[in-house]
Each structure stands twice: as structure tokens, then as C-alpha cells.
Amino acid sequence: MALLPVFRTIITHFFKPKTLNPSLSPLFHEPAAKNLSFLSKPKTLSKPHSSLNSKATLLLNGQDQRFMGLNGNDDKLISTTIAAIVTSVGGPPSSVGIVRLSGPSAVEIAARVFKPMRKKKKKGFCVWKPTSHVVDYGVVLDHQGNVVDEVLAVPMLAPRSYTREDVVELQCHGTEVCLRRVLRACIEAGARLAEPGEFTLRAFLNGRLDLSQAENVEKLISSKSTAAADAALAGIQGGFASMVKSLRTQCIELLTEIEARLDFDDEMPPLDLNLIMEKIHSMSEDVENALKTANYDKLLQSGLQIAIVGRPNVGKSSLLNAWSKSERAIVTEIAGTTRDIVEASITVGSIPVILLDTAGIRETDDVVEKIGVERSEAVALGADVIVMTVSALDGWTPEDTGLLDRIVSKKKSAGSSTPMILVVNKIDCSPSLCSEWVDRGGDSFSKHVFTCAITGQGIQDLEMAISEIVGLNKIPAGGLKWTVNQRQCEQLVRMKEALARLRSSIEEQMPLDFWTIDLRDAALALGQISGENISEEILSNIFGKFCIGK
Amino acid sequence: MLKKYCYLQKRVLNTSRGPAVRALRAQTDKREYAMEMKKIVESTPNLSIREAMVIDILLGKNDNVEGVCTFFGMNFYAPSVVLTTGTFMSGKIWVGRTSMPAGRAGESASEGLTENLQCLGFDTDRLKTGTPARVDIRTVDFTGLEPQPGDKEVHWFSFDPDVQIEREQMCCYLTRTTKITHQLIKENLHETPTYGGWVEAKGPRYCPSIEDKIVRFQDKESHQIFLEPEGRSVPELYVQGFSTGLPERLQLPLLRTLPGLENCSMLRPAYAVEYDFLPAYQCSRSLMTKKIDGLFFSGQINGTTGYEEAAAQGIISGINAARHSDGKPLIVLERESSYIGTLIDDLVTKDLREPYRMLTSRSEHRLLLRSDNADSRLTPLGREIGLIDDRRWKLYEDKQTRILEEKKRLKTVRISGGDLAADITCVSGQPVRDSSTLESLLKKPHVQYEVFDKHGFGNEQLSRAEKECVEIDVKYEGFIKRQQIQLQQMAHQQHRPLPEDLDYHAMITLSLEAREKLSKVRPQTIGQASRVGGVSPADITALLIIIEASRRKAQEQRRHEMLTSVMTETDHESSVPSPKTVTL
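Residues numbered from 1 in each chain as written. Chains lettered and ligands numbered in written order. Predicted model: local features only at pLDDT ≥ 70, side-chain atom pairs only at ≥ 80, totals over all residues. Heavy atoms only, no water.

Q: Account for the overall build of chain A, with residues named and values stated.
A: Within chain A, the secondary structure is distributed over 17 helices and 14 strands. Within chain A, contacts between residues separated by at least 24 positions form 69% of all contacts whose residues are at least 6 apart in sequence. Counting only carbon and sulfur atoms, one obtains 55% of the accessible surface of chain A, whose full area is about 25200 Å². (Helix = DSSP H or I, 4+ residues; strand = E, 2+ residues; numbered from the N terminus. Contact = heavy atoms within 4.5 Å. Areas by Shrake-Rupley, 256 points an atom, 1.4 Å probe, with all protein chains shown as cover.)

Written as C-alpha cells, this is what we have:
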């Protein structure tokens, strides 16, 4: 157990191509010819019992014979399959990005998400049966069967791969969103998120990299490990670390309560079930909140796109100008002035936002305007939030209804759930009461906002509405001191799941001992974030807290 | 083993807490046990007995053991020696402020061995434990006390039906401390060794003295005290939970504050015992000392307390002492294979500050280490090393077949409606779908195998214990699988062995503390190294890398030598193995 954090540490130091000694980094990525002699060497490390001193000792590690059948595929369990985005993310999107899977079930997992598209077959997908080093074209599906991306799958079967394990690389479109969704699909299909540089570690442990490289790695690690690990925990993520610490303390307190009753049942007061459920609930909430910041983290990096749509001449461009405090879009009295997409950058609650002003959507014969309308619809569907603008002066018109229906049906066919906000503009000219608008559009809209683009009235309300929809309002004012990275996020998800299982164990009235299994799992997940062990701690707690013993 | 014959009372503890923590406890007739054990030892063929006080170890030329030397100057020679010193090594017992050298009340201590072991370079330290007063059972009034009878249906330690002989059980009783007890103790705290400050050795936290309990948990008004008979033919009654360091003159009045004991007479006072032990990092997991080949330590000498702990080490050190004499490889039980493995792993890696007692919470994967599957975990290993004879092996195999067949049957037999379904709905509060397998019914909450028996769906060929095995395997399958997966993922890395000759001090990439601790403990696997206190994950990483690097260096060198030899002996080329077959 203590070893997982180990790999995290090893690799935090391994996998920093930019900070690496330049002479070292190429060695990590392609085998130099002189290493080839190692390729023929057997994988000694995958056999834990090929020990150095096994001559002297006979290791007896009994497996429960009654469950032998269950472990038929021993190797699969022993070494997990890992996945990660191996091309750079965070920068401007590149045209192609790669998600790599490595491990004994790499092919199996890839086959679960990747469906080859072969012209020969009339329709639909067939199960992927790869030939090593032969590229296949196809799509990646998520667990609901929705197409996530179009990809090329490159299988490299053991031992002819970077890690000497089965490797499948999925070449996706290069945007972060695509890559993350493909990665998520792989993880949902059974892969584990790779620790940074774990591919390299496996390559090393499986004998793919040679001695000189190993020695270089050793130097690298020795100089930095303690300091860097400490800094990572104490400095950069002070807030997060303290939350993890408090969650962990709570887990261990609960474990103490329960385990004390396992060993010293007759001397303990009865367990307060309500209190325990309450604690579990509050822990789940903490985890949820922490996970939310993972979202915030992503928003900070990639920002939001907001599309402003509506009929011609309702004041979309004025809204964009007022919102961005600029004269970015040309505003005239003539309906259909905006023909192409106009962009403006603003920030909402410290999140970068790109506003997209679109051509007014209407039936038109004008060729240029027609293209503009098509683009408007495409932009609307691609945005994170759609702001539909109507004019208070004209009231809700049949054209508005038609437009809404079109957007809603397009959204439905694309399977998107982009939130929509209704903006009632030109309220300064409105003859009617505001409240009448609220029922318009049924439940298509998450929010209704009243604005006057000319005076800037209501823009703040609009920002509030957006904050609320994307969950920014749940971030405390002043921003967060910490964010959750993807690995921490994975551990938090693991903890969340463990707590959910724990709750169901309690509800199903499983015996007490079973509660500890998931609680330990939760504590371990946290331990992987902070790198600590638990057994001794629980025992000391038991002795310190309760009057037990005969 | 003998607990099977001599039990006074047996109870399965924790029955409702889950199958992994169910624990069979037997109270044993101490006189009968001693007699039976003596009989067995005396009638075992090829076993000769000599009684004497050992004071020194005889060493051979290669730091190997050659025998022992006794107080009266006799030398006994043997290829393997097991030291089981109990609480006798420089033992000293305390009652109040008064002490005398003794290993146990009425039995003299063993002097001289500690010093001689120290001369051989062993580290020694001191521990403390205690035992409560014994009371004459005939002077106790049980009428107002809560009886604690044994289980009606007796469970067994052994899986061998030939030794499962039922006998009449004796009853234990429960009493409690009173306000007067607490008051008396508080008034006389200065008379106890711990609070008076004249004994510093560490006692066990799980076995606190009554004064400790009262001082540390002031808000608890009363503590449970168990009254347990010590034998069928002896009048001694063990006052469980009432050990104390108070002087003898206060002990009788203190006992008489307990309900039921108002007129009791005390046979023997409570006392504390201090003794020498050898921190077990000096042993490898085979329980052979690292310093001296053929010398084994077992039991309280390794810092444990309790009969089970002693028995667990006894079987391993006994097996290994015999194997060592035969020149066979020693056996080691991995931590996750059994509680024995967990116990020994803890002993040889962890810093002990108190006598070590086995607790279920010490095992990370206890759902896999249940008493019901002890045989399927360990009997095959016993067979492998020649401890299980053909009769026992056949018993074992037949049982496993029956269990397997029954599990298959439960998967295939389906029911729709009927009394069984109604009963199950009633017990579990969940509806039963048509053509449900028996397996799926058994997985429902609160459903037990007995329901099948009741409605004629049970399998009569199975014993009660076997039905229990089936029930547990089926009912908790999901949890068991999950733990198994967790375990295997962990074991993969943890079982990687560490070379014995590692020079940790030379590993400048390890933290100073890790270098010191690892040199002292000298773990045998990566997993053990990671459990040594003061060794951080980063240290383990550095260690892994150093080992891998040196392994490769050695390999490269061998390959080089091999190639050179190929070149010089070209005529033998065909018979020389190719470099890739040269492994460790």
C-alpha cells in the first residue's frame, strides 16, 4: 500500500522532460540501439518470487484454495493497466493528441472503448481484434455508447512496446476536451490513471531502459525527492492538504470507533449509528466540494464560451458591446447587420470567458446572411452556455418560439445539455411587466435575466446567473487557495465511491466488519494523496480513546 | 492443539460483527492441559527430554549454533536450538513495593542467559506484564451475578472430526467494580508501582491494570470484571480485568468491594512481572536469528504476550528448527497469508514498546483471513512440507469438494414462489423474483443457510461448519473479491525480495533515519522495508532504484564474463548457454 505513493514520488521526478538533463530525456522516449541487448532479457521483476535469497527460504503464501478459481487470470490482477494523455495539454490545441494505455489488459480495455469502423461492414461496430503495430481507424465510445471522438488506434503488443507491456495508443483530436473524454472512457472501462511518468517507470522496471539511464534517474531522484515532496504538500497546496488531513482524521476516528468494537466488544458502549451516518454524510460533502474545485480548475485553464443568439435586431451586438465594455460589434438599426461571428473576451468571477455574438437567426434568401445563420447555430451548439436574447419591445414573438424550437431540437439530436439563459433586452422600452416573461419557453431556460444593453442595466445579473449555472458561486469569494489536480481528483472519486459503498453496507445492515473495508479504502485513497499508512494509527487511537482490555 | 481436549468453556465472540472477526475463545483447564501436554511430550517417539537451566549458547566456527550450556556445567549439542524463555529471563515479580526474582509465582527466574546473549552481540530490553489475583471459587456467591455460559453449539479449533469431542462446559460470571472499589484505589494510588513511580517497564495498553483504567477513564463509573474458573478440579477463580500493582494487604479488601466477592478468600495476590526480551528485529521471518545460524527465538522472548501468540511462533520456530537440522530451506508465512504471518511480520519490522498481542485490527486484509477458511489457506502448505498425513489430506480434499459442489448447486437450483420465497422475503425484507437461484437468495440481507434446511432445500451431506463456509463464500463474495484484488495489487510490489548483504549506510540517497533503521531491521522484502518506522515512501523508491541498478550491473558483468569465456573456449561454443538465459 505504501508503495503507490512511492511511484508518485519516483515519477514526479522522472517525468519532467523540460527540467531533465537534456542528455537524458531522449533516452526515455526511444530506445538507443545499444539498449537492444536488454530486450531479450526476461522480465525478472514481474515475478516476485524469483528472489535473490529464495534458495535459503521457502516463501509460503497460501491462497485460499476455495477461491482459487477466481484468480485464474492472475497476471491481470497483479499488474494494473494504466492510461494517460501523453501529449502536452494546457497549451493551444494541437491537431492530434495521444492517449496511451499500457498493461496486461490494455487491449481488452481499448476494445471496450474503441470500435473500429471498417468499410466492409455495412453498418455498426465490431469488436476490435488488433494486430500488433497495425493501425486501425474507428471511434471511441463512452460507457453510454455515445461517440466521444474519432481516433486511430495503434496497438503495440508486448514486448515490442515502450513499456514492454501491451500498449495501445489512441490518436485523438488534439483538443483538451477530446483527450480528457477519451481518457475518462478508458478509465471507466477499467484502466487506472497513470502516475506522471509511470510509463517510463514501467519501461525501466521491465528492463527497457538501461543501467546508465537508471543511474541518471537515481541522481535525479536523490537530489530532489524530499524537498519536492514536502514543498508539494506544504507549500503549494496548503489548503488542500489540510482538508485531506481533516478528512483522513475523520476516517480514522470512525475506524477507531468501529474497530475498537471488533476487538473489545464487551467493554464498549453501543455504536451511535446516527452519528456515524452523519459523519459519513459530512465527509461525502467535503469530498464533493473538493471535487467541485476540480471543475473550477478546469474552468480556470480553458475558460467558458458563451454564445449570444436570437432573432435579428433584438440587441445581441449591443449586449456584447455593453458586456465587454467595447465597440467590438457594429450596431445599427438594420436587422441582420451581424453576418459573421464576433468574439469578445471578458472575465466572469475570475474565469476567462469568450463572448460570441452571432448573426440573427431567421429565414433568409441572402446568401451571406444564410451562411451566417448556419454558423450561429453551429456556434450555439458548441458553446458552454447559450444566451438567447429577445426584445422586450416586441414581446415574445412566434419567431422566438420557432427559433427556440430549432435550438432545442438541435441540442437534443446532438445530445447536448448546454444550459440556456433567456435575456430580455430593451427593458427600458418595455410596456409589459417583467413577471410575464418567466413562463416563456417553458423549462428550456435555466435563468431569466432582464437587461438594457444601452445603459448596461442587468449585466451584473447576467454574470451572476452564469456563475450560478457553471457552479462558480459555490467557490468562496476571493477564489480558492488550492485546486485539485486530476490524480487527486481520482483519489477523491475513489473515496467518494468508497463512502457510497459504506453507506449502502450500513443500510443493508451488513456486519460491522464490512464497514471497515470501505472505510479503510477511503482512508487509503486519502493516504495516497498525503502518503501515509494507517494501521498503527488506528490501534494507538483505540488504546488512547477507550477503556479496554482485561 | 490441546485446547480441543481440555476446554472448560467455549464461545464464539463477535458473531454479529462479520465472518472475519468471529473468534473462537476457549477457557482451558490449566491443570488438565499441563497433564495432557506432559503425557504427549513424554510419549512422543524419538523425543528425549532433559530439564536444566540454560545459561549460555555454544557457538561453532561459522557463527552457527552448536548447542547449549547449563547452569551445572553440562553441554548439550544440537544443530538447531530454540529459545523460549517466557517471562523467566531475569524475571522479577512485584507485589506492591516488594519484589523478588522469579519467572512466575513460585518458580525461580533464569539468570545469566541475558548477559551471555548480550556478549554474543544481541540487543535486549525489558517488558512488564501482570496477572490478577486468584480467588477461592467456594467463597464466591454467584447468585446475583450475570452468568456467561458457553455456546450451546460448540465450535472447534481443529478441522479434524476425530478430536472434536464434546464435554460439559463450565459457566463464567460477570461482576462490576463499584464506587467503593474506585474510592479505595484513588486513595491508595501512591502505593501502586506506576503512580508511585518505582517501576518504569512498559506494560501492555490493551491490558491495563485496574488503577490505570480508573485514572485514565475517570468518567466511567464502573468496569466489567469477569470471573473465570481455572479448572474442573482446582478451586482457583481467575479475576479477569482486575490486575493491579497494589500491595497484598490492600488486595483482599479491594476484591471484597466486588459484588459476589464480599466474603471471598484470596488464594494468590495479583502481581506484575518484569522480564528480559530480545527485540525481534534480530530475527528473520523464519524466527531464526540473523546473527547465529540455527538459533531460533520463539514466544515472549520476542516481545509477545498471550498463549495464541506463543503457539503461533512455536509452530513456525519448531518447523524451521527441524528443517534447519535437515538442511532444508526454512519456511516463511507471508503477512497476508495468515495471522501467523501478520504476527511475525509485525514482530520483525516494528518497534515494540509493549508486549505484542494479536488483534484482528492488525490485519489489513482480515476478510481473507477467517477461521472458517484457515484450512483452505494453510492445509495445502502443511501438506507440502510434510505435516499433513494422508488421512488428514483426504479429509481436507473431501471437504473442499463438498463445498465446491454445494456452491455449484446453489448457482443452478432455482425456485419460484413457495414457502422458501415467502420466508426469505420476510427475513430480508426484499422481494424474491421468479426463478431465483438459491445463490441469489443467500446473498440477501439476513438470509442464512438454515432457511434452506428448514424448507428442504439444504444439502444434508454438509456439516454445519461446511454450510457456514458456503454461506460466507457466497454471501460476501463481492467483498472478498475486492479485498483479494487489493491484496494482489499490493503483494506484487511488496514481495520483491531485498538482498541480504545490502549496505544501507552506503546508500546516500536514503534519508539518514531510513539508513539507520533499515540497517538495524534488515528487512527481507520491499514490503517489510516500507513498514519499518521512519522509512518514507521516497526512501523506498530510492531503494528500489538502487537495487535495480545493482542487479543490472551484476548481470552486465556476468554477461561480459560469459562472452569472454565463449571467446576463449570457442570449441565449446555450442554447449555454452546463450546470454539471455543467464538470470538470477
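Q: Hey, could you go over the overall build of chain B for me, with residue numbers and the actual values?
A: A count of helical and extended segments in chain B gives 19 helices and 20 strands. The buried share among the 584 residues of chain B stands at 52%. For chain B, restricting intrachain contacts to residue pairs at least 6 apart in sequence, the fraction spanning at least 24 positions comes to 66%. Entry remark: accessible area of chain B is about 27100 Å², with carbon and sulfur atoms responsible for 53%. (Buried < 20%, exposed > 50% of the residue type's maximum accessible area, 1.4 Å probe, protein only.)

Q: Describe the confidence of the model for chain A, listing the residues and the values that go with them.
A: All names here are of chain A. Mean pLDDT over chain A stands at 71; residues scoring 70 or higher make up 63%. Note on residues 69-78: pLDDT is under 50 here. Beyond four places in sequence and across chains, it has 16 contacts. When the criterion is pLDDT under 50, residues 210-237 qualifies, and its contacts beyond four places in sequence or with other chains add up to 45 contacts. (pLDDT = per-residue confidence, 0-100.)

Q: Break down the pairing of strand S4 (residues 65-70) of chain B for me, with residues and values.
A: Residue and element names in this part refer to chain B. Burial analysis of S4 places five of its six residues in the buried class, the great majority of the element. Where S4 lies against strand S5 (residues 75-77), three bridges are found, and the strand directions are antiparallel. Residue pairing in the sheet places Cys 69 in a bridge with Asn 75 of S5. In this structure, the hairpin formed by S4 and S5 is closed by a connection of four residues, where Gly 73 is found at a positive phi of approximately 90°. (Pairing = 2+ DSSP bridges.)

Q: Lay out the sheet that holds strand S3 (residues 54-59) of chain B in plain terms, naming residues and giving numbers.
A: All names here are of chain B. Here three strands make up an open sheet; going across it, the order is S3-S4-S5 and the pairing antiparallel. Because the sheet does not close on itself, it has two edges, and the strands there are S3 and S5. Across the sheet, the mean angle separating the axes of adjacent strands is 25° when strand polarity is ignored. Pairing of S3 with S4 involves five bridges; the strand directions are antiparallel. Following the sheet pairing, Asp 56 is matched in S4 by Cys 69. (Axes fitted to C-alpha atoms, helices over the stretch in contact; angles between N-to-C directions.)

Q: Before we move on, can you summarise the sheet that holds strand S7 (residues 92-95) of chain B with the specific residues and values?
A: Residues and elements named next belong to chain B. With respect to topology, four strands assemble into an open sheet ordered S8-S7-S16-S9, the strand pairing being antiparallel. Of all strands in the sheet, those with a lone pairing partner are strand S8 (98-101) and strand S9 (125-131), marking the two edges. For this sheet, the mean inter-axis angle between neighbouring strands, taken without regard to orientation, is 25°. Pairing between S7 and S8: four bridges, direction antiparallel. Among the inter-strand pairings, Ile 93 is bridged to a residue of S8, identified as Met 100.

Q: Which residues make up helix H11 (residues 390-412) of chain B, and what are the values?
A: Residues and elements named next belong to chain B. Helix length check: H11 (23 residues) gives 33 Å between terminal C-alpha atoms against 33 Å at 1.5 Å per residue, within 8%. Listed in full, the buried residues belonging to H11 are Trp 393, Tyr 396, Lys 399, Gln 400, Ile 403, Glu 406, Lys 407 and Leu 410. On the buried face of H11, the contacting elements are helix H10 (374-384), strand S20 (436-437), helix H13 (438-442), helix H14 (450-454) and helix H15 (464-475). (Expected span 1.5 Å × (residues − 1).)

Q: Let's hear about the pairing of strand S1 (residues 7-13) of chain B: which residues, and what values?
A: Along any regular strand, the residues point their side chains to alternate faces of the sheet. Residues and elements named next belong to chain B. For S1, a buried count of five out of seven residues is recorded, marking the element as mostly surrounded by other parts of the structure. Both S1 and strand S2 (residues 23-28) contribute to a ladder of six bridges, which runs antiparallel. The residue of S2 that forms the bridge with Leu 13 is Ala 23.

Q: Would you mind going over the nonpolar core in detail, with residue names and values included?
A: By size, the foremost hydrophobic cluster in this structure holds 40 residues, and its most contacted members are Cys 251, Met 495 and Leu 499 of chain A. For this core, the secondary structure elements donating two or more residues are helix H9 (238-263), helix H10 (273-302), helix H15 (486-507) and helix H16 (512-530) of chain A together with helix H16 (477-494) of chain B. No other element matches the nine residues that H16 of chain A contributes to this core. What Leu 499 of chain A contacts, discounting residues up to four positions off in sequence, is Ile 280, Met 283, Ser 284, Val 287 and Ala 522 of chain A. Formed by 31 residues, the second largest nonpolar core is a distinct cluster that contains Ile 57, Leu 287, Phe 297 and Val 348 of chain B. (Core = buried A, V, L, I, M, F, W, Y, C linked by side-chain atoms within 4.5 Å.)

Q: So what about the packing of aromatic side chains? Which residues, and what values?
A: This model, assessed by the stated rule, comprises nine aromatic pairs over all chains. Plain terms: the ring middles of Tyr 449 of chain B and Phe 452 of chain B are 5.5 Å apart, the flat faces sit at 70° to each other, and that makes the pair edge-to-face. Of the two residues examined, Tyr 449 of chain B and Phe 452 of chain B, each falls in the buried class. Clustering of aromatic rings is evident, with ring pairs tying together Phe 514 of chain A together with Tyr 476 and Phe 479 of chain B. Cation over ring: Lys 10 of chain B sits above Tyr 7 of chain B, and NZ or CZ is 4.5 Å from the ring centre. Above the plane of the ring of Phe 122 of chain B lies Lys 291 of chain B, whose end atom (NZ or CZ) is 5.3 Å from the centre. (Phe/Tyr/Trp six-rings, centres within 6.5 Å; stacked < 30°, edge-to-face > 60°. Lys NZ or Arg CZ within 6 Å of the ring centre and 35° of its normal.)

Q: Break down the packing of H11 of chain B against H15 of chain B for me, citing the residues and quoting the values.
A: All names here are of chain B. Contact geometry of H11 with H15 gives a least axis separation of 10 Å together with a crossing angle of 50°. Looking at the two axes, H11 sits oblique to H15. Crossing handedness for the pair H11 and H15: right-handed. Contacts from Lys 399, Arg 402, Ile 403, Glu 406, Lys 407 and Leu 410 in H11 reach Glu 466, Cys 469, Val 470, Asp 473 and Val 474 in H15. Looking at the contact of H11 with H15, its residues break down into five nonpolar, no polar and six charged. (Parallel < 35°, antiparallel > 145°, perpendicular 65-115°, else oblique. Left-handed = near helix turned anticlockwise from the far one by under 90°. Nonpolar A, V, L, I, M, F, W, Y, C, P; charged D, E, K, R; others polar.)

Q: Any chance you could break down the pattern of salt bridges for me, citing the residues and the numbers?
A: One pass over the structure, following the stated rule, counts 54 salt bridges over all chains. One salt bridge in this structure joins Lys 408 of chain B and Glu 405 of chain B, with 3.8 Å as the shortest N-O distance. Taken together, the residues span about one helical turn, with Lys 408 of chain B and Glu 405 of chain B both in helix H11 at a distance of three residues. What emerges from the salt-bridge pattern is a single network uniting Arg 494, Arg 501, Asp 518 and Asp 521 of chain A together with Arg 482 of chain B. (Salt bridge = Lys/Arg side-chain N within 4 Å of Asp/Glu carboxyl O.)

Q: Help me get a handle on helix H6 (residues 176-188) of chain A, residues and values and all.
A: Residue and element names in this part refer to chain A. Taking 1.5 Å per residue, 13 residues should reach 18 Å; H6 reaches 18 Å between its end C-alpha atoms and fits that length. Residues Glu 176, Cys 178, Leu 179, Val 182, Leu 183, Ala 185 and Cys 186 constitute the buried set of H6. Trailing H6 by a residue or two, Gly 190 shows a phi angle of about 120°, which is positive.

Q: How would you summarise the packing of H10 of chain B against H11 of chain B if you had to cite specific residues and measurements?
A: Residues and elements named next belong to chain B. Running from N to C, H10 and H11 point in directions that differ by 145°, and their axes come no closer than 11 Å. Where H10 crosses over H11, the handedness of that crossing is left-handed. Taken together, the residues of H11 that come into contact with H10 (itself represented by Asp 375, Ser 376, Thr 379, Pro 380 and Arg 383) are Asp 390, Trp 393, Tyr 396, Lys 399 and Gln 400. Of the residues assigned to the contact of H10 with H11, the class counts are three nonpolar, three polar and four charged.

Q: If you had to explain a nonpolar patch on the surface to someone new, which residues and values would you point to?
A: Residue and element names in this part refer to chain A. Residues Met 117, Val 135, Tyr 137 and Leu 152 make up a contiguous nonpolar surface patch of roughly 330 Å² in combined accessible area. Structurally, Tyr 137 can be placed in strand S5 (residues 136-141). Its relative accessible area of 37% is what places Tyr 137 among the partly exposed residues. (Patch = residues over 30% accessible without salt bridge, like charges linked within 9 Å, V, L, I, M, F, W, Y side chains within 5 Å.)

Q: Requested: an account of the confidence of the model for chain B, with residues and values cited.
A: Residue and element names in this part refer to chain B. For chain B, the average pLDDT comes to 86, and 92% of its residues sit at 70 or higher. Confidence over residues 571-584 falls short of pLDDT 50; this stretch has 16 contacts with residues more than four positions distant or in other chains. The complex prediction reports pTM at 0.67, with the ipTM value standing at 0.72.

Q: Account for unusual backbone geometry, naming residues and giving values.
A: Residue Pro 159 of chain A is bonded to the preceding Ala 158 of chain A through a cis peptide linkage, with omega at 0°. In this fold, Pro 159 of chain A is placed in the loop between strand S6 (147-156) and strand S7 (167-173). Positioned with a positive phi, Asn 46 of chain B is a non-glycine residue whose angle comes to about 65°. Locating Asn 46 of chain B in the fold gives a position in the loop between helix H2 (30-43) and S3. Classification of Asn 46 of chain B as exposed rests on a relative accessible area of 84%. Positioned with a positive phi, Asp 63 of chain B is a non-glycine residue whose angle comes to about 55°. Here Asp 63 of chain B shows up in the loop between S3 and S4. Here Asp 63 of chain B falls in the partly exposed class, since its relative accessible area comes to 45%.

Q: Account for the side chain of Thr 175 of chain B, naming residues and giving values.
A: All names here are of chain B. Note that Thr 175 resides in strand S12 (residues 172-176). Since its relative accessible area comes to 2%, Thr 175 is described here as buried. Within the local environment of Thr 175, its side chain forms a polar contact with the backbone oxygen of Pro 259, the two atoms lying 3.0 Å apart. (Polar contact = N/O pair within 3.5 Å; in protein donor to acceptor, adjacent residues only side chain to side chain.)

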